[in-house]
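Observations on the three-dimensional arrangement
Here is how the chains run, residue by residue.
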Amino acid sequence: MRNPRKKLHRREEGFTPVRRSAEHGFTLVELMVVIVIIGLLAAIVTFNVLPAGDKGKITKAKSDISTIEGALEMYRLQMNSYPTTSQGLQALVTAPAGVNAAEYQKGGYIKKLPNDPWGRPYLYASPGQHGEADVWSFGADGKDGGEGANADITSWQ
């Protein structure tokens, strides 16, 4: 009879350990399956996340244009006209040449002119083709026209 307090060793019971290589690593097939699954997950995430970035940039451009329009309206109310195309949007930040400095709002009408989300300055024309003052961005491609992220973002649409 065995002593219950005595530790049993596997060798005492006739067990001899056999090393099996399959238990010590992964096969090539298992690794390939995992890599394919990770690739599929990465593709799905990329496919679903990238368009959200474009939508965010378009929304930011629309917001920037709305902010610029508000500053232009304040300028018009105080100066009785919009800045000319040659004065540009910079007239919202600092008083342009030929403007009565006493009428110009101290600190400007906007603290800093933003660039569009693609790093280019917003375009401006006054008088515009679609209103008294037009503000727009050519979108991601930087060219007139386009669709999706490449579409123009304008103050008149």
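This text follows the structure it describes.
Residues numbered from 1 in each chain as written. Predicted model: local features only at pLDDT ≥ 70, side-chain atom pairs only at ≥ 80, totals over all residues. Heavy atoms only, no water.

This brings us to the packing of aromatic side chains. Per the counting criterion, the structure on display carries 4 aromatic pairs. Seen in terms of ring centroids, Tyr75 and Tyr104 are 6.3 Å apart; in terms of plane orientation they differ by 75 degrees. Their pairing is edge-to-face. Here Tyr104 lies in the loop between α1 (28–79) and β1 (123–125) and Tyr75 lies in helix α1, a separation of 29 residues in the sequence. Neither Tyr75 nor Tyr104 differs from the other in exposure class; each is buried. Residues Tyr75 and Tyr109 carry aromatic rings whose centres are separated by 5.3 Å and whose planes lie at 70 degrees to one another, so their mutual orientation is edge-to-face. Remark: Tyr109 occurs in the loop between α1 and β1 and Tyr75 occurs in helix α1; sequence separation between them is 34 residues. Aromatic ring contacts, followed pair by pair, group Tyr75, Tyr104 and Tyr109 into a single cluster. (Phe/Tyr/Trp six-rings, centres within 6.5 Å; stacked < 30°, edge-to-face > 60°. Helix = DSSP H or I, 4+ residues; strand = E, 2+ residues; numbered from the N terminus. Buried < 20%, exposed > 50% of the residue type's maximum accessible area, 1.4 Å probe, protein only.)

A word on the side chain of Ser126. Relative to the helices and strands, Ser126 resides in the loop between β1 and β2 (134–137). Look at Ser126 and you get buried, because its relative accessible area is 12%. At 3.5 Å, the side chain of Ser126 forms a polar contact with the backbone oxygen of Pro83. (Polar contact = N/O pair within 3.5 Å; in protein donor to acceptor, adjacent residues only side chain to side chain.)

This brings us to the sheet that holds strand β3 (residues 153–154). The 3 strands are arranged β1-β2-β3 in an open sheet whose pairing can be described as antiparallel. The open sheet has two free edges, formed respectively by β1 and β3, since each of these has just one partner strand. Bridging between β2 and β3 involves 2 bridges; their strand directions are antiparallel. Paired with Trp136 across the two strands is Thr154, which belongs to β3. (Pairing = 2+ DSSP bridges.)

The subject of this paragraph is the nonpolar core. In terms of nonpolar packing, the biggest core is built from 23 residues, with Ile68, Leu72, Tyr75 and Leu92 touching the most fellow members. Setting aside residues no more than four positions away along its own chain, Leu72 makes contact with Tyr82, Pro83, Leu89, Leu92, Tyr124, Ala133 and Val135. (Core = buried A, V, L, I, M, F, W, Y, C linked by side-chain atoms within 4.5 Å. Contact = heavy atoms within 4.5 Å.)

What follows concerns the pairing of β2. Burial along β2 is two-sided: Asp134 and Trp136 and Val135 and Ser137, pointing in opposite directions, are all buried. As judged from the 3 bridges shared by β1 and β2, these two strands associate in the antiparallel manner. Counterpart to Leu123 in the pairing with β2 is Trp136.

Here we come to a nonpolar patch on the surface. On the surface, Phe26, Leu28, Leu31, Met32 and Ile35 cluster together into a nonpolar patch covering about 580 Å² of accessible area. Here Leu31 lies in helix α1. Here Leu31 falls in the partly exposed class, since its relative accessible area comes to 42%. (Patch = residues over 30% accessible without salt bridge, like charges linked within 9 Å, V, L, I, M, F, W, Y side chains within 5 Å. Areas by Shrake-Rupley, 256 points an atom, 1.4 Å probe, with all protein chains shown as cover. Salt bridge = Lys/Arg side-chain N within 4 Å of Asp/Glu carboxyl O.)

In this section: unusual backbone geometry. Residue Pro127 is reached from Ser126 by a cis peptide bond, and omega for that bond is 0 degrees. Examined against the element boundaries, Pro127 turns out to sit in the loop between β1 and β2. Phi at Asn80 takes a positive value of approximately 70 degrees, unusual for a residue other than glycine. Examined against the element boundaries, Asn80 turns out to sit in the loop between α1 and β1. Residue classification places Asn80 among the exposed residues on the basis of a relative accessible area of 67%.

By themselves, these are just geometric observations and shouldn't be taken as functional.
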